[in-house]
Amino acid sequence: MTRTLQLVTTIVVLFFSVVAYGQENTVRTMSGTVQDEKGIPLPGITIIEKGTSNSTATNEQGAFTIKVKPNATLVFKSIGFISREITPDTRKVLMVTMKEDVHQLADVVVVGYGTQKKQAITGAVVTADLKTYDKVPVNNIMETLKGTVAGLNVGEANKAGSAPGFSIRGTSTFGNGAPLLVLDGTIFNGSIADLAPADIESVTVLKDASAAAVYGSRSGNGVILIESKKGSSVNGKPSFNFSTSYGTVGELNRLKVYDAQGYMQRLNDILNDAGTVVPTELTSNYLQTIEKANYNATPDHQPTLADPYSLFRQAGSNAKTSLSVSQKTDKMSYYLSGTMTDQKGVIVNDKFKQYSLRLNLESKVTDWLTTGIKSYYSYRDYPDARVYGNAGNNGSSSYLISPYANVYNADGSYNLNPQTTTSFVNPFLMIPTQAYSRSNNLNAILYGTVKVPWVEGLTYTATYSKTNNTGESGSFYNKLTNDGMAVNGKGSDSYSRGNATLLDHMVKYNRTIAGLHNIDLTLLYSDQKNTSIGQSLAAQGFDNDQLGYNRLQAGATQSVSTSASQSEQLGQMARLTYNYNQKYSVTGTFRRDGYSAFAANHKYGNFGSVGANWTISNENFMKNVSFINSLALRGSYGSNGNQTITPYQTLPKIGNNYYYYQGDAGYTYTQGINNLGNDDLLWESTVGFNGGIDFSVLNNRISGSVDAYLTKTHNLAFPLILPQSSGFSQITANAGEIRNKGIELNLNTVNIQKDKFNWTSNVAFSLNRNKFQHLLGDRNGDGVEDDIVSSNQFIGKSMSTVYGYKVIGMWQQADKDNGTIMAGFQPGTYKLLDVNGDGKITSDADRVFLGDSNPNFRWSLTNTFSYSNFSLLVYLNSNWGGNGYFINGSNTPQSDPYAANGAMNHPVYDYWTPANPNAEFPRPSFATKAAATAPKYYDRSFVQLQKIAFGYDASKYFKKYGVNGVNLSVSADNLGTYAPHWIGLDAATASGLTTSSIPSLRTLTMNLNLNF
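Because the structure is predicted, anything quoted here is derived from the model rather than measured.

## Some thoughts on the sheet that holds strand S4 (residues 63-68)
Each strand in a sheet pairs with another by means of backbone hydrogen bonds, the pair being arranged parallel or else antiparallel.
Here is step 1: The strand order across the open sheet built from three strands is S4-S1-S7, with neighbouring strands paired in mixed fashion. Each edge of the sheet is formed by a strand with only one pairing partner; in this case those strands are S4 and strand S7 (93-97). Neighbouring strand axes in the sheet, compared pairwise and without regard to direction, differ in orientation by 30° on average.
Here is step 2: In the sheet, strand S1 (residues 28-35) pairs with S4 via six bridges, with the strands oriented antiparallel. Note that in S4 the partner of threonine 33 across the bridge is alanine 63.

In structure tokens, the structure reads:
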């Protein structure tokens, strides 16, 4: 019995030992870290034992641990990354690198008040490609967006610190046509120049009614959504990014004024043109007193200024430095950055400095509560004492100074009239002796999101935004300046402050039912308040002006003005998107807005839209079409508004003035109504249709989108001219309708993709046409709606239609000799088209439609090349005319103030003389030699070599020192412009050869980026 018990015990022990041994050899523990291509740990990566339900996920440091069977295959997957399968073999610790899936990343798109999958997007929504410019220095975010999004039109900037203008699609209002800016989900109440490009994570453009309808009354001009960066880490540690750049700035085309020889020849031509025939060798007798003395000071008549304009030219520069630190853990993330910018333009005193800070914090307080703050501060400083070319009425333009002028007196002070004539004032004495212009802008967005625990997919978010913008400016003209001389010095000081508060309550419900039906519901209540104040002080007549604007109370004559305004906006919005099986999506949006500035009878407006998306590539019948990776059709229809009315504009305003009452001996100072109110002014509303195709083919080698749209804007806020008998000049009323239509193309191609060499291209193309459908109706009772000729507004024509006399040539001396010249005209004046052939030029019979000042179409091409660690970016940008489009009539040097005054200089231009009959521009005295005058219109078509950037990734040499990334680049901006029809400085800015033309800027920049 005892032996039997011992045997049984032995067998049982052996059995459990074998079982234990087998279990130990059938389960193994694996651990490791998952990181991206830059070595940054990736939290939230799902790791699955293939073929089982056994899974885990990486923590905030990218680490994981999982027990699996021997020879198991691990699958690593996450949204935005290419899935990987790894069989560990004998390894127990893994280091896994995940590559971004650029196509999958694009599947999630930032939209108004949230994000949506691209498959669910029904409107025209484009996310800009910011990665192309990731290591290339730019002055502002609009430089990055220029040419990357079809339909987003970005202008030029040719002064230090200036930001280019921008618009979306065509013009649809007489008021402000700028798009609505939304920063981190809230309405942005600052300048685009306040935002440091290095802080921007993404930019999305909402172009049509369906996409922008969630913003209702403010989205008629489109919407730009800007998201700032969040925290990230490297191996769980803080991530530092440092970038510094320095560039030299010069003139794209050098501005030229007449040198000594040209100045003397022009003086002789002007004298002869005015009827005073002077031999060339006697021209100096007609110089001004100072000029003549300097002319005769040397035997060879050397000028005092070889290049007169060089006095006002400076070497430009552009320096920018930014530093950021960020970190992300499982409970908190932060992003802190600072940027410093120092710019100098190419014109004296054109300077700009900016300092900006950003702090973004987010905390996961509990599993159901997340809170955060996103904030920035921006300080901008413009000296505001620049010398530009505008002549004005006092002839103070820097372009007019003579090569024989005395800019300085013997004691070194500025000479008030450097070339004797009192018509020309020394430009240096036209600028203030003290000047400043500063702005401080502070914004904070606080938010909290609650995930309702007992309802899957339901969240509530409260967002509070506070913006404070202040502006300060001042100037002082001492007794030696032109403006201060007569009044014993004068100065001014002004201060303005604007406050904007926004409180949004948002409820979202997103749920997928049975794996097929997705419901995405957003409900919003928004309340925004805006207040502003302004104060201005001015004084003149100083016994002692040493303290300038710091002691305005010392002025004998003082004035004070103040202003204030307040407005409030309320909004309620609902958006519902239904998506079936990732194939069919329908979105409906409704928004109701109230705005205190609108008329008493129309404070509220309603706006809505509906759209649909059919993802054809997800259909079963497309599974065998291998060359198509994705294909979708979109269609939408909806309405948006435009808040073109400023506070109190619909109300009558009372002002003070002098009035003469019949029977009184003189004028009486009293109060009266300055303008008429309009209690029935309606909201401007744009109704539109958009249709689009999104596609990707040939293994995603070619992808893009095509959109076509048609919109109509009605109830335009129109400045209606009133008869003088009413006592008022105009009233703002609703009238007219504008139609816009166009097509847009965004195309991305992967041309070559090899192990070391890659070449990709991006093409953006857009075409827009607009026209007046209606204006003020039939005012003369003839049954036909009337044009407003005086305002250049015509039914069936565009808002930018050019209507006037057509220049068909130049009258020559031979025309006068043979008697064919038109009565009232002299040789050297423009020959104008006589439409009705009556032998004279009259405004009612001989004006014609000449064309359109808007481009025919716009296109851009960006090529990016990479070989090993080298990269090259080449960006071309074009606005093209032709067929009467993109014409401009502002290049009229002959019409400049003092253009026919021989005592002043001028930018060099080709004018008519008997010896120069084939000149481009008419004779200097054309205005008195022609019965009718008109500008000549030039086609502004251009192709710009906008940017070339060459970069080198030197990271591999520094990783051993703990530096994760080192990138060097050299870039050149605005290298050259091809403009076959334009004459002047730059077709892109419409700068010609006039005294108001300003040189465009060309920049060469070196840049260093470090990541550690």
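Anyway, onward from the coordinates.
## Section: the nonpolar core
Here is step 1: Counting residues in each nonpolar core, the largest one holds 35 residues, and the members touching the most others are Phe825, Tyr830, Leu832 and Ile841.
Here is step 2: The element contributing the most residues to this core is helix H5 (residues 260-273), with five residues.
Here is step 3: For this core, the domains that each give at least three residues are domain 2 (801-852 + 892-935) and domain 3 (864-884 + 938-1011).
Here is step 4: Contacts of phenylalanine 825, omitting those with residues within four sequence positions, involve Trp811, Tyr830, Ile841, Lys929, Ala930, Ala931 and Ala932.

## Observations concerning H5
Here is step 1: The terminal C-alpha atoms of H5, which comprises 14 residues, lie 20 Å apart, in line with the 20 Å expected from a rise of 1.5 Å per residue.
Here is step 2: Burial analysis of H5 places eleven of its 14 residues in the buried class, the great majority of the element.
Here is step 3: Those residues of H5 hidden inside the fold are in contact with helix H6 (289-295).
Here is step 4: One or two residues past the end of H5 sits glycine 275, with phi positive at roughly 105°.

## Brief notes about the packing of aromatic side chains
Here is step 1: In the structure shown here, the tally under the stated rule is 32 aromatic pairs.
Here is step 2: Look at tyrosine 938 and tryptophan 982: their rings are 6.3 Å apart centre to centre, the planes differ by 80°, and that puts the pair in the edge-to-face class. Here the residue tyrosine 938 occupies a position in strand S46 (residues 938-939), and tryptophan 982 occupies one in the loop between strand S48 (965-978) and strand S49 (1001-1011), the gap between them amounting to 44 residues. Across the pair, exposure class does not vary: tyrosine 938 and tryptophan 982 are buried alike.
Here is step 3: Connected via pairs of aromatic rings, a cluster forms that spans Tyr309, Phe312, Tyr399, Tyr408, Tyr414 and Phe428.

## Concerning the pairing of S1
Here is step 1: Looking at chain direction, S1 and S7 are connected through five bridges and run parallel. Pairing of glutamine 35 across the sheet is with threonine 97, part of S7.

## Some thoughts on the sheet that holds strand S3 (residues 55-57)
Here is step 1: The four strands are arranged S3-S2-S5-S6 in an open sheet whose pairing can be described as antiparallel. On the outer flanks of this sheet lie S3 and strand S6 (84-86), each paired with one strand and no other. Averaged over all pairs of adjacent strands, the angle between strand axes in this sheet comes to 20°, irrespective of strand direction.

## A short note on the UniProt feature "domain: TonB-dependent receptor plug" (unreviewed entry) in the protein
Here is step 1: Look at the UniProt record and you will see "domain: TonB-dependent receptor plug" (unreviewed entry) annotated at residues 118-223.
Here is step 2: Taken end to end, residues 118-223 is 8% helix and 22% strand, and its two terminal C-alpha atoms sit 18 Å from one another.

## Quick look at the confidence of the model for the protein
Here is step 1: Per-residue confidence for the protein averages 88 on the pLDDT scale, and 94% of its residues sit at or above 70.
Here is step 2: Low pLDDT, under 50, characterises residues 7-25; the stretch is placed with one contact to residues that sit more than four places away or in other chains.

## A closer look at the pattern of salt bridges
Here is step 1: Under the counting rule described, the total for this entry stands at 22 salt bridges.
Here is step 2: Linking aspartate 307 and arginine 313 is a salt bridge whose minimum nitrogen-to-oxygen distance equals 3.2 Å.
Here is step 3: Owing to a relative accessible area of 26%, aspartate 307 belongs among the partly exposed residues under this scheme.
Here is step 4: Two residues, aspartate 973 and lysine 947, come together in a salt bridge whose shortest N-O distance is 2.5 Å. With aspartate 973 in strand S48 and lysine 947 in strand S47 (residues 942-953), this residue pair connects regions lying 26 residues apart in the sequence.
Here is step 5: By relative accessible area, aspartate 973 is classed as buried at 16%.
Here is step 6: Lysine 947 sits in the buried class, given a relative accessible area of 3%.
Here is step 7: Through salt bridges with shared partners, a single network forms among Glu251, Arg254, Asp307 and Arg313.

## Let's talk about the domain arrangement of the protein
A common way to report how large an interface is uses the accessible area buried once the components associate.
Here is step 1: Per the domain assignment, the segments making up the protein are domain 1 (28-97), domain 2 (801-852 + 892-935) and domain 3 (864-884 + 938-1011).
Here is step 2: The C-alpha centroid of domain 3 is placed 39 Å from the C-alpha centroid of domain 2.
Here is step 3: Listed by partner, the interface residues are 14 residues for domain 2 and six residues for domain 3.
Here is step 4: For the domain 2 and domain 3 pair, buried surface summed over both sides reaches about 700 Å², with 57% attributable to carbon and sulfur atoms.
Here is step 5: Counting every contact that joins domain 2 to domain 3 gives zero salt bridges.
Here is step 6: At the boundary of domain 2 with domain 3, the tally comes to three residue pairs in polar contact (both at pLDDT 80 or more).
Here is step 7: For the side of domain 2 that touches domain 3, the leading source of residues is strand S42 (residues 848-852), giving three residues.
Here is step 8: Tallied by class, the residues present in the side of domain 2 that touches domain 3 amount to eight nonpolar, three polar and three charged.

Parameters and conventions
- Residues numbered from 1 in each chain as written.
- Predicted model: local features only at pLDDT ≥ 70, side-chain atom pairs only at ≥ 80, totals over all residues.
- Heavy atoms only, no water.
- Pairing = 2+ DSSP bridges.
- Helix = DSSP H or I, 4+ residues; strand = E, 2+ residues; numbered from the N terminus.
- Axes fitted to C-alpha atoms, helices over the stretch in contact; angles between N-to-C directions.
- Core = buried A, V, L, I, M, F, W, Y, C linked by side-chain atoms within 4.5 Å.
- Buried < 20%, exposed > 50% of the residue type's maximum accessible area, 1.4 Å probe, protein only.
- Domains from an automatic or database assignment.
- Contact = heavy atoms within 4.5 Å.
- Expected span 1.5 Å × (residues − 1).
- Phe/Tyr/Trp six-rings, centres within 6.5 Å; stacked < 30°, edge-to-face > 60°.
- UniProt positions renumbered as here; feature names shortened; annotations may be inferred.
- pLDDT = per-residue confidence, 0-100.
- Salt bridge = Lys/Arg side-chain N within 4 Å of Asp/Glu carboxyl O.
- Buried area = accessible area lost by both parts, 1.4 Å probe.
- Polar contact = N/O pair within 3.5 Å; in protein donor to acceptor, adjacent residues only side chain to side chain.
- Nonpolar A, V, L, I, M, F, W, Y, C, P; charged D, E, K, R; others polar.

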